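Now for the letters of each chain:
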There are 2 protein chains.
Amino acid sequence: MVQEAIRRRNAGTLLRHVHLGGPVSRAGLAERMGLNRSTIMALTTELTRVGLVQEEPPPDTGRAGRPSLLVRPTDRCYVLAFDVAVDRLVAARVGLGGSILERREAARPRAGPDLHRVAEVLAHFGRQLHRAAGPEATCVGVGASYCGMIRPGDGMVRFGPDLGWVDQAFGVELGRRLGLGLPVAVGNEAHLGAQAEQQRGAGVGLDNLVYLHGDVGVGGGIIVGGRLLGGDGGYGCELGHMVVNPYDGRPCGCGSSGCLEAEVGERALLDAAGRPAELFGRDAIRSVVDDADRGDPMAREALRRVGDWLGIGVANLINLFNPGMVIFGGMLCDLYPGVASQVRGRICRNVLPVAREQVRLRTAALGGDATLVGAAELGFAPLLADPLGLLAASARRR
Amino acid sequence: MVQEAIRRRNAGTLLRHVHLGGPVSRAGLAERMGLNRSTIMALTTELTRVGLVQEEPPPDTGRAGRPSLLVRPTDRCYVLAFDVAVDRLVAARVGLGGSILERREAARPRAGPDLHRVAEVLAHFGRQLHRAAGPEATCVGVGASYCGMIRPGDGMVRFGPDLGWVDQAFGVELGRRLGLGLPVAVGNEAHLGAQAEQQRGAGVGLDNLVYLHGDVGVGGGIIVGGRLLGGDGGYGCELGHMVVNPYDGRPCGCGSSGCLEAEVGERALLDAAGRPAELFGRDAIRSVVDDADRGDPMAREALRRVGDWLGIGVANLINLFNPGMVIFGGMLCDLYPGVASQVRGRICRNVLPVAREQVRLRTAALGGDATLVGAAELGFAPLLADPLGLLAASARRR
């Protein structure tokens, strides 16, 4: 039984390597996993038999000799991934290997909507995507990203200030409406964005990184020693509510004032740049950065001001976490180029020299899809933990 | 060979249980370690043979029947622990089980002294303690706590603002002068205080805690998911340099201003309370708290002001780490009772409700010895990793 458990876990590890790292030869897998070639061959054969991987010749390298076959994931299994973002509702079918095979998207009104409306829009998209996948493909998991604080385990939204949700059973409700008999794993958008950037984005290979996700507010996902910082209840990483301006801070959605998200969120920038209250969203942010590039004094002053608050926040985070990288995601992707020098200036002034020796600053490599990609990884987690067991159970259910 | 490695690791795990948890029956060990009784008996016998543990009857419980013998650590092995604190140099001989068997202490002048002077004072104490231990006892490790940023691995002080040290080879120099042929493991005082409080103090059993260590400045040790937050270079946890007062902040030793340690360190409090510049140290802090208790308006205002900055810092840390406990150590042990209501008020205003549901605030249970106890644990680490291997090697060296 122990050997069977080891074999099943090794199958999961092998699948994770090709899922995250892309096509790789058996020899490469043997090296990465520290196993001998005959074990790798047995595992590959079994994963091929159940249809999760296939072997194929590599692209022509121009070199002589018989090339090694590459093991790569197939399209047999997929997950459904959902993203409840500040401006849109997204659903996607994502294949092993992480490619987004098909997606549906709807604009989201800024105010509301309630749990049932959100769950129904997403479930409708999900059912469409499931039908379009055809009967040969198997849905192996469902993951969702939500812009709020999520209770680990059951996908309860404890606090979603943006939609005004408190203690709403989002994961359960979405799962019920999908009707696939699969649980829905829900995560905070910034946590998932951080994990996605570490697995597939700017932070691949890094054990310590800080990811800031901007939209109306600013969320955070922090990787410490290779793992997401959860804290006791899974509610850590709330860097947006770090008080940076204790004197005349702007009011924050949390009820306090002077929080990082109140000082560098979308509204703070647009107000400082004198934009009308009806304007919002990433186009509005970009137009401020563009105007500043063209020399507009009000836009430049707005960026200077917001950049300084962001710089204080980032400097504090570097002192605390000594990360290898700080990644700016969501609308901060658009803002960061306009405030980079301000942020770097603060880091030079406020971070202890030994902690800033190595840190790099980057925008999210996955751009606006970081949260969706993170949600898909949540959905893949059960398959990667035990692919053979999960497929056997799924076949019995049919 | 694999079985031999497992046996040696299990011996270390057993020894760690009695070292940290105190005397325990073989049945208790079997349960905690998930091993059967015959394995526990074999391990106990072997550890008894090399003199690391002994078995003895428990204190009379008044119950009938033959009581189980308790396994407890002996005095055969000890470590030398050192603490370079802001006001004193401490050396101690610490036994398995964590008791401080003997100690030496010298006052430290506030300014300086240099590496060679500090290392010589400590090495002199260390040699005295070693001689006093007698020939039957074995020194199995050396650990030191230092009030500055330490490079993991070689005990290099990268930045010790308090003594004005930059890139000083403290660990190597102390080891050379001790002449015991043992490496000296060096850690940052607040990191070690946090670990000591988690292993033997207020935070036993907690996986997520924040420890603030106050003296001239404020250091931090943060436990995330059961492990000390190191970051990429081991320089994380620098919560003292979180900017809390960006407008009219007091100058900080790091070159910036408005850092948490500049606003809540010893000098900030004593200045606000109108104490003369010659006064310093924990007695001076206590006298401000006492005066405030007696109704002195200037002392009360000083505590209100410093407490509010401390509260902002602690609230930020709770939002980031969602810890089960925040522990105040060093001079903050003395300050905290005078500012607790101010700190709690800030937590209520600034921490998101779901993150403050469970958090407790405590002063360090180990008091002023937290850093020294942490240093001793550094010294014990090699023994606990492989007690049988280490003693065999040590016997060959004699």
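As shown above, the structure is provided for reference.
These notes cover the structure that comes with them. Please read all numbers here as calculations on a predicted model, not as lab measurements. (Residues numbered from 1 in each chain as written. Chains lettered and ligands numbered in written order. Predicted model: local features only at pLDDT ≥ 70, side-chain atom pairs only at ≥ 80, totals over all residues. Heavy atoms only, no water.)

**Structural notes on the overall build of chain A**
What chain A contains, in helices and strands, is 14 helices and 16 strands. On the principal axes, the C-alpha backbone points of chain A span a range of 65 × 50 × 40 Å. The buried share of chain A, taken over its 398 residues, is 56%. In chain A, 63% of the contacts between residues at least 6 apart in sequence involve partners at least 24 apart. Carbon and sulfur atoms form 51% of the exposed surface of chain A, whose accessible area is close to 16100 Å². Treating the 45 positive side-chain charges of chain A as one cloud and the 42 negative ones as another, the clouds have centres 6 Å apart. (Helix = DSSP H or I, 4+ residues; strand = E, 2+ residues; numbered from the N terminus. Buried < 20%, exposed > 50% of the residue type's maximum accessible area, 1.4 Å probe, protein only. Contact = heavy atoms within 4.5 Å. Areas by Shrake-Rupley, 256 points an atom, 1.4 Å probe, with all protein chains shown as cover. Lys, Arg positive; Asp, Glu negative; His and termini not counted. Charge placed at Lys NZ, Arg CZ, Asp CG, Glu CD.)

**A look at the packing of helix H10 (residues 297–321) of chain A against helix H10 (residues 297–321) of chain B**
At a minimum axis separation of 13 Å, H10 of chain A and H10 of chain B run at an interaxial angle of 70°. With respect to their mutual orientation, H10 of chain A and H10 of chain B come out roughly perpendicular. For the pair formed by H10 of chain A and H10 of chain B, the contact residues are Leu317, Leu320 and Phe321 of chain A on the first element and Leu317, Leu320 and Phe321 of chain B on the second. Partitioned by chemical class, the residues of the contact of H10 of chain A with H10 of chain B number six nonpolar, no polar and no charged. (Axes fitted to C-alpha atoms, helices over the stretch in contact; angles between N-to-C directions. Parallel < 35°, antiparallel > 145°, perpendicular 65-115°, else oblique. Nonpolar A, V, L, I, M, F, W, Y, C, P; charged D, E, K, R; others polar.)

**Some remarks on the layout of surface pockets**
The volume enclosed by the largest pocket comes to roughly 880 Å³. For the largest pocket, the lining is made up of 32 residues, of which Gln195, Arg227, Leu228, Leu229 and Gly230 of chain B are closest to its centre. (1 Å grid on protein atoms, 1.4 Å probe; cavity = no way out; pocket = protein on both sides within 12 Å on 5 of 7 lines; lining within 4 Å. Points joined across faces, edges and corners; volume = space filled by probe spheres on them.)

**Observations concerning the relation of the copies chain B and chain A**
Its rotation angle being 180°, the transformation that places chain B on chain A also includes 0.0 Å of axial translation and leaves an RMSD of 0.0 Å. One copy is carried onto the other by what is essentially a two-fold rotation axis. The C-alpha atom lying nearest the rotation axis in chain B is that of Val244 of chain B; the distance is 3.1 Å. The residues that chain B uses at the interface reappear at the interface of chain A in 100% of cases, marking a shared surface. (Least-squares fit on C-alpha atoms with pLDDT ≥ 70 in both.)

**With respect to the environment of Leu20 of chain B**
With respect to the secondary-structure elements, Leu20 of chain B resides in helix H1 (residues 2–21). Look past the residues within four positions of Leu20 of chain B in its chain and what remains in contact with it is Gln199, Arg200 and Glu377 of chain B.

**Quick notes on the pairing of strand E15 (residues 325–330) of chain B**
Residues and elements named next belong to chain B. For E15, the tally of buried residues reaches six of six residues, placing the bulk of the element in the interior. Alignment of E15 against strand E16 (residues 360–363), held across four bridges, turns out to be parallel. Pairing of Met325 across the sheet is with Arg360, part of E16. (Pairing = 2+ DSSP bridges.)

**Details of the interface of chain B and chain A**
Interfaces are often sized by the accessible area lost when the parts come together. On the chain A side, the residues contacting the 42 residues of chain B number 42 residues. Of the roughly 3600 Å² buried between chain B and chain A, counting both surfaces, carbon and sulfur atoms make up 60%. Taken together, chain B and chain A are joined by zero salt bridges. Where chain B touches chain A, the interface holds 25 residue pairs in polar contact (both at pLDDT 80 or more). For the side of chain B that touches chain A, the elements supplying multiple residues, two or more each, are strand E9 (156–160), strand E13 (218–224), H10 and helix H11 (332–350) of chain B. With seven residues, H10 of chain B is the largest single contributor of residues to the side of chain B that touches chain A. For the side of chain B that touches chain A, the class distribution of residues is 22 nonpolar, 14 polar and six charged. (Buried area = accessible area lost by both parts, 1.4 Å probe. Salt bridge = Lys/Arg side-chain N within 4 Å of Asp/Glu carboxyl O. Polar contact = N/O pair within 3.5 Å; in protein donor to acceptor, adjacent residues only side chain to side chain.)

**Notes on the pairing of strand E10 (residues 165–168) of chain A**
Examined bridge by bridge, strand E9 (residues 156–160) of chain A and E10 of chain A share three bridges and lie antiparallel to one another. Note that in E10 of chain A the partner of Gly160 of chain A across the bridge is Trp165 of chain A.

**Description of the nonpolar core**
Judged by nonpolar contacts, the single largest core of 96 residues is most densely connected at Leu212, Leu239 and Phe321 of chain A together with Leu212, Leu239 and Phe321 of chain B. Setting aside its immediate chain neighbours within four residues, Leu212 of chain B contacts Val218, Gly219, Leu239, Leu260, Leu310, Val314, Leu317, Val326, Ile327, Phe328, Gly329 and Leu332 of chain B. (Core = buried A, V, L, I, M, F, W, Y, C linked by side-chain atoms within 4.5 Å.)

**Some thoughts on the packing of aromatic side chains**
If you walk through the whole model with that rule in mind, you get twelve aromatic pairs over all chains. Here Trp309 of chain A and Tyr247 of chain B contribute two aromatic rings whose centre-to-centre distance is 6.1 Å and whose plane-to-plane angle is 75°, an arrangement assigned as edge-to-face. Taken as a pair, Trp309 of chain A in helix H10 and Tyr247 of chain B in the loop between strand E14 (227–228) and helix H7 (260–264) lie in two separate chains rather than in one. An aromatic cluster of three or more residues is present, and its members are Tyr247 and Trp309 of chain A together with Tyr247 and Trp309 of chain B. Across from the ring centre of Tyr78 of chain A, 5.1 Å away, lies the NZ or CZ of Arg93 of chain A, which sits over that ring. (Phe/Tyr/Trp six-rings, centres within 6.5 Å; stacked < 30°, edge-to-face > 60°. Lys NZ or Arg CZ within 6 Å of the ring centre and 35° of its normal.)

**Digging into the pattern of salt bridges**
Going through the model one piece at a time under the given rule, you end up with 60 salt bridges over all chains. Between Asp334 of chain A and Arg282 of chain A there is a salt bridge; the shortest N-O distance is 2.6 Å. In this pair, Asp334 of chain A sits in helix H11 (residues 332–350) while Arg282 of chain A sits in helix H9 (residues 282–293), placing the two residues 52 residues apart along the sequence. Judged by its relative accessible area of 13%, Asp334 of chain A is buried. Overall, Arg282 of chain A belongs to the partly exposed group, its relative accessible area being 26%. A salt bridge links Arg250 of chain B to Asp271 of chain B, with the nearest nitrogen and oxygen atoms 3.1 Å apart. Placement of the pair is Arg250 of chain B in the loop between E14 and H7 and Asp271 of chain B in helix H8 (residues 266–272), with a sequence separation of 21 residues. You can call Asp271 of chain B partly exposed: its relative accessible area is 36%.

**What about the sheet that holds strand E5 (residues 88–95) of chain B?**
Strands belonging to one sheet form pairs held by backbone hydrogen bonds; the direction of such a pair is parallel or antiparallel. Residue and element names in this part refer to chain B. Strand order in the open sheet formed by five strands is E6-E5-E4-E7-E11, and the pairing between neighbours is mixed. The open sheet has two edge strands, strand E6 (100–107) and strand E11 (184–188), and neither has a second partner. On average, adjacent strands in this sheet sit at an angle of 15° to one another, irrespective of strand direction. In this structure, strand E4 (residues 77–84) lies alongside E5, joined through seven bridges in antiparallel fashion. Looking across to E5, one finds that Phe82 is bridged to Ala91.

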